[in-house]
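Given next are the chains, with one letter for each unit.
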Amino acid sequence: MIASIKYMSILCMKEDRDRLVASLQKCGEVMVEDTDESVRNAASSADMLRRMEKLREGIKPFVPKKPLFAEIPQVEEHEFETVSESDLQKASEMERLLADIAIKKAADAADNELIRQLKPWANLNIPLEELGDSEYASFILGTVPLKRLEGFKNAVISGVMGMDIISDDEKTAYILLSVIKNESLAELAEYGFERITLPPLKGNVRDTIADLEVRTEKSNKEMAAVREKLAVLAAEGNTADLLYEQYRADYERETVPAAETNETVLIEGWVPEDRIEIAEKAIRQATEVCDIIYRDPLPGESVPTSLRSGKAVSQFESITNMFSVPSYGGTDPNKVMAPWYWIIFGLMMCDVGYGALMIVFGVLLKKLMKPKGTINQIINVILLSSVTSIIAGVLFGSYFGEVWNPILFSPLKETTKMLIFTMLIGVAHIFTGLIVKIIENIRAGKVFDAVFDQISWMLIIAGFGLIFIPAVKTIGMIIAVIGGIIVLFTAGRAKKNIFGKAVGGLVALYGISGYFSDILSYSRILALGLATGVVGMVMNMLAGMVQGPWWGYMISIVIYVVGHIFNLALGLLSAYVHDCRLQYIEFYSKFYEGNGRLFKAFSLEPKLINIKQQNGGN
Amino acid sequence: MSGTAIAIIGAGLCAALAGCGSAVGVMTAGKANAGVTSEKPDLFGKLLVLQALPGTQGIYGFLIAILILAKITVGMDASQGWSLFGAAMPMAIAGLVSGIAQGKTAAAAIHMTGKQPDASGKGITMTAMVETYAILALLTSILLLTKI
């Protein structure tokens, strides 16, 4: 069911704005709308939000890795509402440590670079400050490729200069050149001589390197200490996450769209009629001085859709929403879709063992993760569908892939029978869709449309089906022909001229191929059920092959466990996807349009932490 | 050639070709997934579902190969062997081509999800459309096998 909704305008004094907005956010029942007049304020919390984002990014390497499927940490509501001073202090302490690490890292990098530069010159026996020009001579450092060293040597000798090879590695010789001051080095450059200028340092190179090494070592030790400190801080609690979410909530409060005058603030939005009381109570709690006006949605207005279904059906809402959100004023298809999704999912899994595993893993995931939102709904859908999986498994006798006492028949042995069965499921599913449309049409007073567009097709499909049963073959043919004639003569009724009407009818009749491909599409139920069954059987076979000695049994247990879990995961993925597809393309095409906008309340919605709900919740 | 050998070749081709199709398909989708995940790591879960979709052809091919293996006996005549070979072909060929094609669709859907995370359901549907033909081929192979 789609909840009836009202447009709400709240007018209050400017000084009450913050309290009002906080109260609205806490109650989480109003969808604030961005109107033409409303402005979004610049938020003072934006800076803090960015700071926390940066902090979270920075401490990521220090936070201990969470186990897979870890539970989201919880905080009390009052803890969440106000930023605690100690948390802030801890955050700044972590920021300080991070900055410290960054500075130390930069200094270290510079030192290491210097060491790298100096290393080849370790054997230089004159102090660094004496390099360069003296009164008559210059001491110059440089490199020459080893290959050209001989030529270089000759050039040095013929040029009346002196040279010392300080060190060499595989490719290069490091050379101290002593030349007369202002002597041109152009000739030497031909041998690949490259002058090297070291940073302005003093003293012996060897000592300088030793000093630097001592310094980096010390800094490394300090850094390790700082890292350890940071790791301890980051590991205890989830301060950064909490602060981040607090400031994000704050940011959302500050930037909530509202129209303003000098003295007053106008906040507008949607509220479901059944939640007006809660919303109003929240507003009155925040301020006594305010005016609340309600009105119905105007025609042509884009009204958000708030769905109200029972506990079981509501788990399937996310599946419809993924396709298209029901429009306000349209039908909510979840009530008819959910049972079908449930049944088809079961038929696609079709195994008692896997159904049982679905319960085990579903319950485990819920216990461990305490998931919210869509993920929670999907797990619930799997849990619910475990029932149909087990029932289908018993009917078709499948237990972890092994066939055992089927009540109906075994799909593996009587594939054609199962194929017909799935097609019948398909016809029933499609008929359900058509019936929903018939009801819709009749409610809208379009009885003829229902006869022409839906009942006619139901006659054709039913008639064709009956043709396959010898006893009622003629009746089936007659029914199908009647349906066909209705389509042929009425489908073009919207067209203006007679030619258009005739062509319209013929083209519509061609739609029969569409209906048949739709029905054929349900054969995927058989295919997926068989795939799960046979792969499970293969796993059993593989495990059976290694049995014999005691270690063989050990290995076979591993194969059983890993194989069946793998098959279960694959089967679940396929069943989820293809069940969705059958709903979207084969079922919804018959009656459902959607194109709505989901009601999304202005609320506290932390992702990194959970706020403990006072009133239970799901 | 003996019928047994022909049937074994058929089963082998079925698992191999459909497996190749899935491998290429999952690779194509995986590349797209890696690209989008590098920008938006949060979407990884949604994208992984899309990437896994072209993987089913390989399973179907494997399934048919196993079903054929169950029917192979020593000393089959050539016509029996060719029958099994023929039953393997729909899944082998359609598995190869549809796996690759589905991979490309999955990659496109992954890119779409990267830009509009809410559209992942639509992307899944688009990708599942391609799989229909692999499923039809699987069915054809199974039904042909039941007639042998």
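Bear in mind the structure is a predicted one, so any value in this text is a computation, not a measurement. (Residues numbered from 1 in each chain as written. Chains lettered and ligands numbered in written order. Predicted model: local features only at pLDDT ≥ 70, side-chain atom pairs only at ≥ 80, totals over all residues. Heavy atoms only, no water.)

Peer 1: Quick rundown of the overall build of chain B? Include the residues and the values.
Peer 2: Tallying secondary structure elements over chain B gives five helices and zero strands in all. When the helices and strands of chain B are listed from N to C terminus, the series reads α-α-α-α-α. Seen along its three principal axes, the alpha-carbon backbone of chain B occupies a region of about 60 × 20 × 20 Å. By the burial criterion, 51% of the 148 residues in chain B qualify as buried. Nonlocal contacts in chain B, meaning residues at least 24 apart in sequence, comprise 86% of its contacts between residues at least 6 apart. Counting every atom, chain B has about 6200 Å² of accessible surface; 72% of that belongs to carbon and sulfur. Computed over 8 positive and 5 negative side-chain charges, the separation of the two mean positions in chain B equals 5 Å. (Helix = DSSP H or I, 4+ residues; strand = E, 2+ residues; numbered from the N terminus. Buried < 20%, exposed > 50% of the residue type's maximum accessible area, 1.4 Å probe, protein only. Contact = heavy atoms within 4.5 Å. Areas by Shrake-Rupley, 256 points an atom, 1.4 Å probe, with all protein chains shown as cover. Lys, Arg positive; Asp, Glu negative; His and termini not counted. Charge placed at Lys NZ, Arg CZ, Asp CG, Glu CD.)

Peer 1: Tell me about the overall build of chain A, and please be specific about residues and values.
Peer 2: Regarding its fold elements, chain A presents 21 helices and 16 strands. The C-alpha radius of gyration of chain A comes to 39 Å, more than 25% above the 25 Å expected for a compact globule of 618 residues. Counting only C-alpha atoms and orienting by the principal axes, one finds that chain A spans roughly 120 × 80 × 65 Å. A burial count over chain A gives 45% of its 618 residues as buried. Contacts spanning at least 24 positions in sequence make up 79% of the contacts within chain A whose residues lie at least 6 apart. For chain A, the computed accessible surface area is about 32400 Å², with 62% contributed by carbon and sulfur atoms. Between the centroid of the 62 positive side chains of chain A and the centroid of its 73 negative side chains there is a distance of 7 Å. (Rg over C-alpha atoms; globule rule 2.2 N^0.38 Å.)

Peer 1: Before we move on, can you summarise the packing of helix α2 (residues 44-52) of chain B against helix α4 (residues 78-115) of chain B with the specific residues and values?
Peer 2: Residues and elements named next belong to chain B. One can describe the packing of α2 onto α4 by two numbers: an axis separation of 9 Å at closest approach and a directional angle of 165 degrees. When the interaxial angle is binned, α2 and α4 end up roughly antiparallel. With respect to the hand of their crossing, α2 and α4 are arranged in right-handed fashion. Contact residues: Leu47, Leu50 and Gln51 in α2; Ala106, Ala109, Ile110 and Thr113 in α4. Class assignment of the residues belonging to the contact of α2 with α4 gives a composition of five nonpolar, two polar and no charged. (Axes fitted to C-alpha atoms, helices over the stretch in contact; angles between N-to-C directions. Parallel < 35°, antiparallel > 145°, perpendicular 65-115°, else oblique. Left-handed = near helix turned anticlockwise from the far one by under 90°. Nonpolar A, V, L, I, M, F, W, Y, C, P; charged D, E, K, R; others polar.)

Peer 1: Mind laying out the interface of chain A and chain B, listing which residues take part and the relevant values?
Peer 2: Counting residues at the interface gives 26 residues for chain A, matched by 25 residues for chain B. Roughly 2200 Å² of surface becomes buried between chain A and chain B when both sides are summed, with 82% attributable to carbon and sulfur atoms. Ranking the residues of chain A by area buried against chain B places Met322, Leu573 and Val577 of chain A at the top, with a combined share of 20%. Inspection of the region where chain A meets chain B yields zero salt bridges. On the surface where chain A and chain B come into contact, there are four residue pairs in polar contact (both at pLDDT 80 or more). Broken down by secondary-structure element, the contributors of at least two residues to the side of chain A that touches chain B are α11 (317-323), α15 (415-443), α20 (523-546) and α21 (550-587) of chain A. The greatest single-element share of the side of chain A that touches chain B, amounting to 10 residues, is contributed by α20 of chain A. (Buried area = accessible area lost by both parts, 1.4 Å probe. Salt bridge = Lys/Arg side-chain N within 4 Å of Asp/Glu carboxyl O. Polar contact = N/O pair within 3.5 Å; in protein donor to acceptor, adjacent residues only side chain to side chain.)

Peer 1: Can you tell me about the domain arrangement of chain A, naming the residues and giving the values?
Peer 2: As assigned here, chain A comprises domain 1 (5-72 + 241-305), domain 2 (132-197) and domain 3 (311-598). Between the C-alpha centres of domain 2 of chain A and domain 3 of chain A there is a distance of 84 Å. (Domains from an automatic or database assignment.)

Peer 1: Can you break down the packing of aromatic side chains residue by residue, with the values?
Peer 2: How two aromatic rings sit relative to each other is given by the distance of their centres and the angle of their planes. Residue and element names in this part refer to chain A. Here the structure, examined in full by the defined rule, presents 21 aromatic pairs over all chains. With centroids separated by 5.9 Å and ring planes inclined at 85 degrees, the aromatic side chains of Tyr588 and Phe591 adopt a geometry described as edge-to-face. You can call Tyr588 buried: its relative accessible area is 1%. The exposure class assigned to Phe591 is buried, which follows from its relative accessible area of 4%. Taking the ring centre of Tyr244 as reference, the NZ or CZ of Arg56 above it sits at 5.1 Å. (Phe/Tyr/Trp six-rings, centres within 6.5 Å; stacked < 30°, edge-to-face > 60°. Lys NZ or Arg CZ within 6 Å of the ring centre and 35° of its normal.)

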